[in-house]
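# Structure at a glance
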Amino acid sequence: MAREAREGGRGRDRERGGDRDADDGIIDKLVTINRVAKVVKGGRRFAFAALVVVGDQKGRVGYGAGKAREVPEAIRKATERAKRGMIRVPMKEGRTLHHDVAGHYGAGNVILRSATAGTGIIAGGPLRAVFETLGIGDVVAKSLGSRNPHNMVKAAFAALQKCASPRSVATRRGKKVPELFGRRDVPSGGAVTGPSGGISPPAQEATANA
C-alpha cells in the first residue's frame, strides 16, 4: 500500500499544473489534487481527488471534481464532469468582462473586475486557471475569503454566472443598447448635443450669454 501511495504521488507531481489540448478544441487545466484516505477494517485506503477546469478559450468554461485510486483516473473523471457542466460567459471585445461582479460560495468571496487592454490576468492560481481556459486576457481578480481552491473556483463561477452583456440587458428591459448608457456626443466645438441631436438647454444658455 505504501508503494502504491508513493507511485501515485510521483504521478501526481507529473500531472500537477499541466494543461492538455483536447481533440474538440477544449483545453483542461489541473487546479489541484489531494491524496485522501478512507479508514476501513484492516487499515486505510488511499485515493486521489482532482479539481479540473476546462474551456474553449472563446467564452465557455466549466469545472469538475473527480476521485479515484489512481491520479490519471481522477483527472479523467473530473474532466468529464467539467465538460458536462460548461457555461457561456459574455465577454467585452473578446478579452475582458463587461462589468465588475462579485461571487460567493461557502467561505469563499471573490471580486472580478474588467480591465483595460494590456492589463493581463491579475489573479491567483485557481482563478488564473479559470480565466486562461475561458479566454479572458485582461481581468483583475481578488479573493477576500477562503483560500481553498474548491471554494475559490466555485465562487468565481458564481460571479461569472452573473455577468451579462449590454445586449441581453437591453432585451430584458425592452430598450435599445444606446438607451442604457445615455451618453451625449460632444463635438469638437464644445456644444453638448442631446439624444435628438439638438443642442441641450444649458449649452443654448451658454451660447446666448456669450
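In this report, the structure presented in the accompanying data block is examined. (Residues numbered from 1 in each chain as written. Predicted model: local features only at pLDDT ≥ 70, side-chain atom pairs only at ≥ 80, totals over all residues. Heavy atoms only, no water.)

## Section: the side chain of threonine 32
Using the following cut-off: Secondary structure elements are taken from DSSP: a helix is a run of H or I of four residues or more, a strand is a run of E of two residues or more, and numbering for both begins at the N terminus. By definition in these notes, contact holds between two residues if any of their heavy atoms fall within 4.5 Å.
Along the polypeptide, threonine 32 turns up in strand β2 (residues 27–40). Not counting residues within four places of it along the chain, the set of residues in contact with threonine 32 comprises Ala49, Ala50, Leu51, Pro149 and His150.

## Description of the pattern of salt bridges
Our working definition: A pair is scored as a salt bridge if a Lys or Arg side-chain nitrogen falls within 4 Å of a carboxyl oxygen belonging to Asp or Glu. For every residue, the accessible area (1.4 Å probe, protein chains only) is compared with the maximum for its type, and the residue is labelled buried under 20%, exposed over 50%, or partly exposed between those bounds.
This structure, assessed with the given rule, holds six salt bridges. Between lysine 29 and glutamate 132 there is a salt bridge, with its nearest N and O atoms 3.3 Å apart. Of this pair, lysine 29 sits in strand β2 while glutamate 132 is found in helix α3 (residues 125–134), placing the two residues 103 residues apart along the sequence. We classify glutamate 132 as partly exposed; its relative accessible area is 28%. The partner of glutamate 73 in a salt bridge is arginine 76, and the shortest N-O contact between them spans 2.4 Å. Taken together, the positions of glutamate 73 and arginine 76, both in helix α2 (residues 71–84) and three residues apart, correspond to about one turn of that helix. The partly exposed category is assigned to arginine 76, whose relative accessible area is 37%. Because the salt bridges share partners, they merge into one network encompassing Lys29, Arg128 and Glu132.

## Side note on the environment of alanine 123
Structurally, the position occupied by alanine 123 is in the loop between β8 (121–122) and α3. For alanine 123, a relative accessible area of 18% gives the class buried. Remark: the alpha-carbon pair of alanine 123 and alanine 141, spanning 18 residues in sequence, is separated by 5.0 Å. In this structure, alanine 123 is in contact with Arg128, Phe131 and Ala141, ignoring residues within four places of it in sequence.

## Quick look at unusual backbone geometry
Although it is not a glycine, glutamine 57 sits at a positive phi angle of roughly 60°. Tracing the backbone shows glutamine 57 in the loop between β3 (43–55) and β4 (60–68). Positive phi is not limited to glycine here, since glutamate 93 has a value of about 60°.

## A short note on the pairing of strand β7 (residues 108–114)
Here is the rule: For two strands to pair, DSSP has to find at least two bridges joining them.
Pairing analysis gives five bridges linking strand β6 (residues 101–105) to β7, with the strands arranged antiparallel. Paired with alanine 102 across the two strands is isoleucine 111, which belongs to β7. What sits between the antiparallel neighbours β6 and β7 is a turn of two residues, in which glycine 106 has the positive phi angle 60°. Pairing analysis gives five bridges linking β7 to strand β9 (residues 139–143), with the strands arranged antiparallel. Bridged to arginine 113 within β9 is valine 140.

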